[in-house]
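Okay, here's what each chain looks like letter by letter:
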Amino acid sequence: MGKIFVISSPSGGGKTTIKNHLLRQSSLLYSVSCTTRLPRQGEKDKRDYFFISQKSFKQKIKDNEFAEWAKVLANYYGTPRYFLEKWLKRGKNILLEIDVKGAKQIKKEYKKQSVLIFISPPSLQELGQRLKNRKTEGDEEICQRLKLAEKEMQEIKRYDYLVFNKSLRLCVEDIKTIIKAEGCRI
Ligand code: 5GP
């Protein structure tokens, strides 16, 4: 059986860039989530997310199609169960980039097979600056995301590993080291 590597970090913590680097430098398979949020500029359907309506998201919940799902701020996000289980059975390691509520559900359902990694920004001030710089959210949304970040960071204790994102290269190296070590676990 493969393992599920979950990375979580507050919005603006740099996890999308980290994810892209990890996917290029490892044999991890990425599980594309479903979301009801609208695509941001440059995002592509089926590559970044499956962008779906609230109605079809709720139908998928009823049909038990998600391994986990959560409402993050105003939108729903969920991990398709089919992809995850198909590749786990074939011995592949899967990467999930999901929030703390989703990570908790994955740990509950796939206790021995999941490895939870929290990526922390160097500080909340720096996180605020990064959110401002990327210019995809207005002031009010940035404020909401910072409040949420503070709450999410209280969940670090549920994670198996904590990695600080001071530099992209070191952060990616740390995660690759974790994956390697988990591959050697007895
Ligand atoms: P964003 O809208 O910035 O892409 O993502 C907002 C939050 O939703 C992030 O914390 C991201 O990790 C989380 N997220 C993305 N996909 C999923 C998913 O499938 N499940 C859960 N629980 N959270 C997700």
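Preceding this paragraph is the structure being described.
All figures in this text were calculated on a predicted structure; none of them were measured in a lab.

A. Expanded view of the sheet that holds strand E7 (residues 94-97). The strand order across the open sheet formed by 5 strands is E2-E7-E1-E8-E9, and the pairing between neighbours is parallel. Edge positions in the sheet fall to strand E2 (29-30) and strand E9 (161-164), since each of these pairs with one other strand and no more. Relative to the sheet, helix H1 (residues 15-25) contacts strand E1 (4-8), E2, E7 and strand E8 (114-120), its axis offset from that of E7 by approximately 170°. Sitting on the sheet, helix H3 (residues 81-89) is in contact with E1, E2 and E7, with an inclination near 150° to E7.

B. How the structure looks around the packing of aromatic side chains. Counted according to the given criterion, the structure contains 7 aromatic pairs. Ring centres of Tyr49 and Tyr77 lie 5.8 Å apart, and the angle between their planes is 55°; this geometry places the pair in the tilted category. In this pair, Tyr49 sits in the loop between strand E3 (34-35) and strand E4 (50-51) while Tyr77 sits in strand E6 (residues 75-80), placing the two residues 28 residues apart along the sequence. Here Tyr49 falls in the buried class, since its relative accessible area comes to 14%. An aromatic cluster is built from Phe57, Phe66, Trp69 and Tyr76, whose rings are joined through pairwise contacts. Seen from the ring of Tyr30, Lys19 lies directly overhead, with NZ or CZ sitting 4.4 Å from the centre. Over the ring of Trp87 we find Arg90, and its NZ or CZ is 5.1 Å from the ring centre.

C. Examining the site of the ligand more closely. Contacts to the ligand come from 16 residues, most closely from Ser33, Arg37, Tyr49, Tyr77 and Asp99. One of the side-chain nitrogen or oxygen atoms of Ser33 is found 2.6 Å away from an oxygen atom of the ligand. Take Tyr77: an N or O atom from its side chain is 2.5 Å from an oxygen atom of the ligand. Contact with the protein chains removes 95% of the 510 Å² of surface that the ligand exposes when unbound. The set of elements that each furnish at least two residues to the shell around the ligand consists of strand E5 (66-72) and E6. By residue class, the composition of the shell around the ligand is 5 nonpolar, 4 polar and 7 charged.

D. Up close: the side chain of Asp99. Within the secondary structure, Asp99 is located in the loop between E7 and helix H4 (100-109). According to the relative accessible area criterion, Asp99 is buried, its value standing at 15%. Dropping the residues within four chain positions of it, Asp99 is found in contact with Ser8, Ala70, Val72, Glu152 and Tyr159.

Parameters and conventions
Numbering of residues begins from 1 in every chain and follows the order in which that chain's sequence is written. Predicted model: local features are reported for residues with pLDDT of at least 70 only, side-chain atom pairs are reported and counted for 80 or more only, and whole-chain, interface and lining totals are derived from all residues. As a rule here, side-chain values cover all heavy atoms of the structure and leave hydrogens and water aside. Strand pairing follows a simple DSSP-based rule, namely that at least 2 bridges must link the two strands. Counting from the N terminus, the helices are DSSP H or I runs at least four residues long and the strands are E runs at least two residues long. Here, two residues are considered to be in contact whenever any of their heavy atoms come within 4.5 Å of each other. The axes are straight lines fitted to the C-alpha atoms, using for helices just the contacting stretch, and the angles between their N-to-C directions are given from 0 to 180°. Stacked, tilted and edge-to-face are the three classes assigned to paired rings of Phe, Tyr and Trp, where Trp is represented by its six-membered ring and a pair needs centres within 6.5 Å; plane angles under 30 degrees give stacked, over 60 edge-to-face, the rest tilted. Each residue is assigned to one of three classes by its accessible area relative to the maximum for its type, calculated with a 1.4 Å probe on protein chains only: buried under 20%, partly exposed between the two thresholds, exposed over 50%. We call a charge positioned over a ring when the NZ of a Lys or the CZ of an Arg lies within 6 Å of the ring centre and within 35 degrees of the ring normal. Throughout this document, a residue counts as near a molecule or strand when at least one of its heavy atoms sits within 4 Å of that molecule or strand. Any N or O atom pair separated by 3.5 Å or less is treated as a polar contact, with the protein-specific requirement of one donor-capable and one acceptor-capable atom, and with residues adjacent in sequence counted only for side-chain atom pairs. Note on areas: Shrake-Rupley with a 1.4 Å probe; residue coverage comes only from the protein chains shown. Residue classes follow a fixed rule: Ala, Val, Leu, Ile, Met, Phe, Trp, Tyr, Cys and Pro count as nonpolar, while Asp, Glu, Lys and Arg count as charged, and any other residue, Gly among them, counts as polar.

That's the geometry; what it means functionally is another story.
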